Protein chains: 2
Amino acid sequence: MVLERAKKIEESGAYVYHLELGNPRQPAPREVMDKTIDALQQHAVGYTYSAGHPTLRQAVARRFSKHAGRPVTEANVAISPANLLISQFLELACDPGDRVVFFTPAFPTYWAAAAYVGLDVVSVPLDHRSGFDLSHRDVETALAANPKAILVNSANNPTGAVYSREVLEHLVGECERRGIFLLSDETYAEVAYSKPFFSVSRIPSRFALVMGSFSKMFSIPGFRTGFALGDPELIEKISLSTSTLISCLPVFTQLGAAAGLGVLDTYTASVRARCAAAVANCHEILRGSNALSYGVPVAGFYFFVDIGATGLDDMSFAKRLLEERHTAVTPGRSFGAAYTGFVRIATCGRIQDVLEGTRRLAAFADSLVAEGARVEEPAR
Amino acid sequence: MVLERAKKIEESGAYVYHLELGNPRQPAPREVMDKTIDALQQHAVGYTYSAGHPTLRQAVARRFSKHAGRPVTEANVAISPANLLISQFLELACDPGDRVVFFTPAFPTYWAAAAYVGLDVVSVPLDHRSGFDLSHRDVETALAANPKAILVNSANNPTGAVYSREVLEHLVGECERRGIFLLSDETYAEVAYSKPFFSVSRIPSRFALVMGSFSKMFSIPGFRTGFALGDPELIEKISLSTSTLISCLPVFTQLGAAAGLGVLDTYTASVRARCAAAVANCHEILRGSNALSYGVPVAGFYFFVDIGATGLDDMSFAKRLLEERHTAVTPGRSFGAAYTGFVRIATCGRIQDVLEGTRRLAAFADSLVAEGARVEEPAR
């Protein structure tokens, strides 16, 4: 609804600062675009395999072999839209009525997909005082719920946290031992800039599925192309589901993504630098406010900001910020019903807009606190 | 498995005649390709609406307003992969354990999607002596099963039948009266050449969803882009499901498809002419065989051929045809367990290949009958 109201305001001629969209503005690698266009010019518009185009599967396998420190082959890789992989995973791991654990705050699609599949969600809230890091205790809480599946997301959207190798190894080991399916959503893996990222793909497991997305990797969300890594048996099930649901993905986008993998390290180095700079600049602005509290992200481009001191809940805050300051943010409840005291800021838009929007948000929050103080005075 | 074995034979250096793939060989309209490439060159790689890009939704609405004889607006149109729409429809119409009716033979994805959603399928077998046409009696049988949903597919894959306006009106009317959800799969609507096609979109209904695919319309199966038409309430539910599952489709493919709609009539006229010619030529070959029986398709590019007289079932026939004559066809059981006496031929490949493959199939079937007669003689 924020997006629709923002559109209305824009149609009336006003300028809106968009801090609600995780839509990277960085141009995609030239290699990705050139290869995609080239494939179209060569009329690569037929069907391909449900598991994905072999060129892309092999390129992903090569990439992860290097990182995983163990052989990863085409049989460990399935291509599917990253968003769809969440439902596909839940469908194959669970039956309706089964229990799934999310560590919260959690990406909105997790909630929607769990509802779609008909699952009971057990939320394990992470401690905001530790920057929403995942602790051994959180893992124990998750396991104690005796779920069929667990979703874990490092680097995290919306908190910008990166979980430690030690805790992730513990989680994967316990899931393996107990036969719990684990989805490790590593969409933001390539944009961890101030803490080393650890991929669950490095731990052999029959129950863990790792997913990634070319959307954020190459700033091409419109390609709708992602990948899953896992045990060949799990990968076959994902491919069968892809065959049923969408048959396959376009050849040209897959060839484009494969071409990008050749320049991934150079490209993501520049994306990380850009993210880190945007986050540092926003942090400079936000820290000046006495109405906001937040952890500084170590990955990605989101701030998950506690607005509790303003006296407004997330919806009222987001609505008034949009109406009065023409700045759009995502209400915290999108990431779990408990987060009505938070909003999410995305810093991946045009940098001037991001900075101005952040200034407006901080000024708005400060004005609310000042106003609250004035309102309270007569009562004292 | 036919496809995999065919690949192996090709890898050994032999040539295989592919009559198993509904992968049109006709070049896509230049307008589609140019616009898609243009959009990529302009870097249209961001997110768009779950319901579809407004340009494409409006173009589809305009097209169907003209045909439906009543206003169709953007609110009546959702964009989603055609294949996915089958599961999306079943998910929103039914709960696990509910009953859905297919008129058989029926497209393989229907069976896979029903299994995915956990539905009980009631098959209503169409009469092959009437060319698998849909009759009032078939509709009554479907309704008597008291299903939550019915799938109907005219023009039909694999039979090439086009159902009459009168029977479809009866079906839609009864579904509306009884609150049964109806999916009208009109993927092959534009390739009806010898019987007028009637679209269910012409009948206002709260329960009917019409789906189409740009894959067959523009010979771009690799675009994975289709559309649904229906009551705004139904369309909103489809869009919500799209938002959950895949978030949205690429902007560039949608703009390409929209550009194609401007030249649709000219383009499909040439596709129809090509289909009709391929079908007529194959019919000339097949009629010469005394081992095969079939209805002549009035739409699309498939023959659903009764091979019962050969004494082989569909799997053995398909396997031996591939091994001995290097010709690949689809076994009938893909369209329903009852169709082990049939194979499907697709005539949309390279015409020389299609004709040679059809000749090989007819010769193989005749040789089986001749062999059978010889084997039987001593016993008389």
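Residues numbered from 1 in each chain as written. Chains lettered and ligands numbered in written order. Predicted model: local features only at pLDDT ≥ 70, side-chain atom pairs only at ≥ 80, totals over all residues. Heavy atoms only, no water.

Colleague: Would you take a moment to explain the overall build of chain A for this structure?
Modeller: For chain A, the count of helices and strands is 13 helices and 13 strands. The C-alpha radius of gyration of chain A comes to 21 Å, within 12% of the 21 Å expected for a compact globule of 380 residues. Dimensions of chain A, computed from the C-alpha atoms along their principal axes, are close to 70 × 50 × 35 Å. Pairs at least 24 residues apart make up 74% of the contacts formed inside chain A by residues separated by at least 6 positions. (Helix = DSSP H or I, 4+ residues; strand = E, 2+ residues; numbered from the N terminus. Rg over C-alpha atoms; globule rule 2.2 N^0.38 Å. Contact = heavy atoms within 4.5 Å.)

Colleague: Hey, could you run me through the nonpolar core in this one?
Modeller: Grouped together as the largest cluster of nonpolar side chains are 157 residues, with contacts concentrated most on A:Ile150, A:Phe214, B:Ile150 and B:Phe214. The residues contacting B:Phe214, other than those within four sequence positions of it, are B:Leu56, B:Val60, B:Ser219, B:Ile220, B:Thr225, B:Gly226, B:Phe227, B:Ala257 and B:Leu261. (Core = buried A, V, L, I, M, F, W, Y, C linked by side-chain atoms within 4.5 Å. Buried < 20%, exposed > 50% of the residue type's maximum accessible area, 1.4 Å probe, protein only.)

Colleague: Just checking my understanding: could you explain the interface of chain A and chain B for this structure?
Modeller: Interfaces are often sized by the amount of accessible area the parts lose when they come together. Opposite the 44 residues of chain A that make contact, chain B presents 44 residues. At the boundary of chain A and chain B, one finds zero salt bridges. At the boundary of chain A with chain B, the tally comes to 20 residue pairs in polar contact (both at pLDDT 80 or more). If you list the elements that add at least two residues to the side of chain A that touches chain B, you get helix H2 (30-41), helix H4 (82-93), helix H5 (108-117), helix H9 (232-245) and helix H10 (251-261) of chain A. Of the residues assigned to the side of chain A that touches chain B, the class counts are 23 nonpolar, 17 polar and four charged. (Salt bridge = Lys/Arg side-chain N within 4 Å of Asp/Glu carboxyl O. Polar contact = N/O pair within 3.5 Å; in protein donor to acceptor, adjacent residues only side chain to side chain. Nonpolar A, V, L, I, M, F, W, Y, C, P; charged D, E, K, R; others polar.)

Colleague: I tried to follow the relation of the copies chain A and chain B on my own but got confused; where do I start?
Modeller: The operation linking the two copies of the chain is a rotation about an axis combined with a translation along the axis. Overlay of chain A on chain B (RMSD 0.1 Å): rotation 180 degrees, translation along the axis 0.0 Å. This pairing of chains is accounted for by a two-fold axis. Every residue of chain A has its C-alpha some distance from the rotation axis, and the shortest such distance is that of A:Ile37, at 2.9 Å. When the interface residues of chain A are mapped onto chain B, 100% of them again fall at the interface, so both copies present the same face. (Least-squares fit on C-alpha atoms with pLDDT ≥ 70 in both.)

Colleague: How should I be thinking about H4(A) in this particular structure?
Modeller: Helical geometry: 3.6 residues make up each α-helical turn, so side chains three or four residues apart lie on a common side. Residue and element names in this part refer to chain A. Along its 12 residues, H4 runs 17 Å from first to last C-alpha, staying within 8% of the 16 Å computed at 1.5 Å per residue. Of all the 12 residues making up H4, 10 are buried; the element is thus mostly covered by neighbouring parts of the structure. Residues of H4 that are buried include every one of Ala82, Asn83, Leu84, Leu85, Ile86, Ser87, Gln88, Phe89, Leu90 and Ala93, and no others. (Expected span 1.5 Å × (residues − 1).)

Colleague: Just to check I follow, could you spell out the packing of aromatic side chains for this structure?
Modeller: Two aromatic rings, taken as a pair, are described by how far apart their centres are and by the angle between their planes. Residue and element names in this part refer to chain A. All chains considered together, the criterion is met by 42 aromatic pairs over all chains. Here the aromatic rings of phenylalanine 102 and tryptophan 111 are separated by 5.1 Å at their centres, their planes lie at 85 degrees, and the arrangement is edge-to-face. By relative accessible area, phenylalanine 102 is classed as buried at 0%. Arranged with centres 5.6 Å apart and planes meeting at 80 degrees, the rings of phenylalanine 304 and phenylalanine 335 form a pair that is edge-to-face. Placement of phenylalanine 304 in strand S10 (residues 302-306) and of phenylalanine 335 in the loop between strand S12 (330-331) and strand S13 (342-346) is noted, with a sequence separation of 31 residues between them. Through pairs of rings, three or more aromatic residues link up here, namely Phe64, Phe214, Phe218, Phe227 and Tyr267. (Phe/Tyr/Trp six-rings, centres within 6.5 Å; stacked < 30°, edge-to-face > 60°.)

Colleague: Sorry, what's going on with the pattern of salt bridges here?
Modeller: For side chains bearing opposite charge, pairing can occur when the charged atoms are close. The final tally for this structure, using the stated rule, is 42 salt bridges over all chains. Note that A:Asp127 and A:Arg129 form a salt bridge whose closest N and O atoms lie 3.0 Å from each other. For A:Arg129, a relative accessible area of 71% translates into the label exposed. Among the ionic pairs, B:Arg177 bridges to B:Glu174, the shortest N-O distance being 3.1 Å. On the criterion of helical spacing, the pair formed by B:Arg177 and B:Glu174 is a turn pair, its members being three residues apart in helix H7 (residues 165-178). Residue classification places B:Arg177 among the exposed positions, given a relative accessible area of 62%. Residue B:Glu174 is classed as buried on the basis of its relative accessible area of 14%. Put simply, A:Arg63, A:Lys66, A:Glu190 and A:Asp265 are held in one network by salt bridges that share partners.

Colleague: Help me understand the environment of B:Thr340 in this model?
Modeller: Residue and element names in this part refer to chain B. Of note, threonine 340 is situated in the loop between strand S12 (330-331) and strand S13 (342-346). Its relative accessible area of 30% is what places threonine 340 among the partly exposed residues. Not counting residues up to four positions away in its chain, the partners in contact with threonine 340 are Asp313, Asp314 and Arg333.

Colleague: Got a minute to help me understand the side chain of B:Arg57 in this structure?
Modeller: Residue and element names in this part refer to chain B. In this structure, arginine 57 sits in helix H3 (residues 54-68). In terms of polar contacts, arginine 57 uses its side chain to reach the backbone carbonyl oxygen of valine 77, at 2.8 Å. When sequence neighbours within four positions are dropped, the list of residues in contact with arginine 57 reads Ala51, Gly52, Glu74, Ala75, Val77, Ile79 and Ile235.

Colleague: Could you clarify how one ought to interpret the packing of H4(A) against helix H9 (residues 232-245) of chain B in this entry?
Modeller: Each packed pair of helices is defined by two parameters, the angle between the axes and the distance between the axes. Their axes nearest at 7 Å, the elements H4(A) and H9(B) cross at an angle of 95 degrees. Taken together, H4(A) and H9(B) sit at an angle that is classed as roughly perpendicular. Residues A:Asn83, A:Leu84 and A:Ser87 of H4(A) lie in contact with H9(B), whose contacting residues are B:Ser243, B:Thr244 and B:Leu245. Of the residues that constitute the contact of H4(A) with H9(B), the class distribution is two nonpolar, four polar and no charged. (Axes fitted to C-alpha atoms, helices over the stretch in contact; angles between N-to-C directions. Parallel < 35°, antiparallel > 145°, perpendicular 65-115°, else oblique.)

Colleague: Looking at this structure, how should I read empty space enclosed by the protein?
Modeller: A probe as big as a water molecule, rolled over the atoms, marks out the empty space that is left. Taken as a whole and assessed by the stated rule, the structure comprises seven cavities of 30 Å³ or more. The wall of the largest cavity is formed by 15 residues, among which A:Arg224, A:Leu249, A:Pro250, B:Leu249 and B:Pro250 lie closest to the centre. Across the lining of the largest cavity, the residue classes tally to 12 nonpolar, one polar and two charged. Its volume calculated, the second largest cavity comes out at about 100 Å³. Along its surface, the second largest cavity is lined by A:Pro24, A:Arg25, A:Gln26, A:Lys216, A:Ser219, A:Val271, A:Arg274, A:Cys275, A:Ala278, A:Phe301, A:Thr347 and A:Cys348. Among the residues making up the lining of the second largest cavity, the classes are represented as six nonpolar, three polar and three charged. (1 Å grid on protein atoms, 1.4 Å probe; cavity = no way out; pocket = protein on both sides within 12 Å on 5 of 7 lines; lining within 4 Å. Points joined across faces, edges and corners; volume = space filled by probe spheres on them.)

Colleague: Explain the sheet that holds strand S9 (residues 293-294) of chain A to me, please; I cannot follow it from the model alone.
Modeller: In a beta sheet, neighbouring strands pair by backbone hydrogen bonds and run either parallel or antiparallel. Residues and elements named next belong to chain A. The strand order S9-S10-S13-S12 describes an open sheet built from four strands, whose pairing is antiparallel. Sheet topology places S9 and S12 at the edges, where each strand pairs with a single neighbour. The pairing of S12 with S13 spans two bridges and is antiparallel. Bridged to proline 331 within S13 is valine 343. (Pairing = 2+ DSSP bridges.)

Colleague: Explain H9(B) to me, please; I cannot follow it from the model alone.
Modeller: All names here are of chain B. The terminal C-alpha atoms of H9, which comprises 14 residues, lie 20 Å apart, in line with the 20 Å expected from a rise of 1.5 Å per residue. Restricting attention to buried positions, one finds in H9 the residues Leu234, Ile235, Ile238, Ser239, Ser241, Thr242, Thr244 and Leu245. Positive backbone phi, approximately 70 degrees, marks serine 247, located one or two places after H9.

Colleague: Help me understand the packing of H4(A) against H5(A), please; the structure alone is not making it clear to me.
Modeller: Residue and element names in this part refer to chain A. Their axes nearest at 9 Å, the elements H4 and H5 cross at an angle of 40 degrees. Considering the angle they form, H4 stands oblique to H5. Crossing geometry of H4 relative to H5 is assigned as right-handed. Where H4 abuts H5, its residues Asn83, Ile86, Ser87, Leu90 and Glu91 lie against Thr109, Tyr110, Ala113, Ala114 and Val117. (Left-handed = near helix turned anticlockwise from the far one by under 90°.)

Colleague: Teacher, can you tell me more about the environment of B:Asp138 here?
Modeller: All names here are of chain B. Assignment of secondary structure puts aspartate 138 in helix H6 (residues 136-144). Here the alpha-carbon distance between aspartate 138 and alanine 363, two residues 225 residues apart in the chain, equals 35 Å. Not counting the four nearest positions on each side in its chain, aspartate 138 is found in contact with Phe103, Val124, Pro125, Leu126 and Asp133.

Colleague: What should I look at first to understand the sheet that holds strand S8 (residues 226-229) of chain A in this one?
Modeller: Residue and element names in this part refer to chain A. One open sheet accounts for seven strands, arranged S2-S8-S7-S6-S5-S3-S4; its pairing is mixed. Looking at the sheet topology across the chains shown, the edges are occupied by strand S2 (77-80) and strand S4 (120-125). Sheet twist, expressed as the mean angle between neighbouring strand axes with direction ignored, is 20 degrees. In terms of strand pairing, strand S3 (residues 99-104) meets strand S5 (residues 149-153) through three bridges, oriented parallel. Bridge pairing in S5 links valine 100 to alanine 149.

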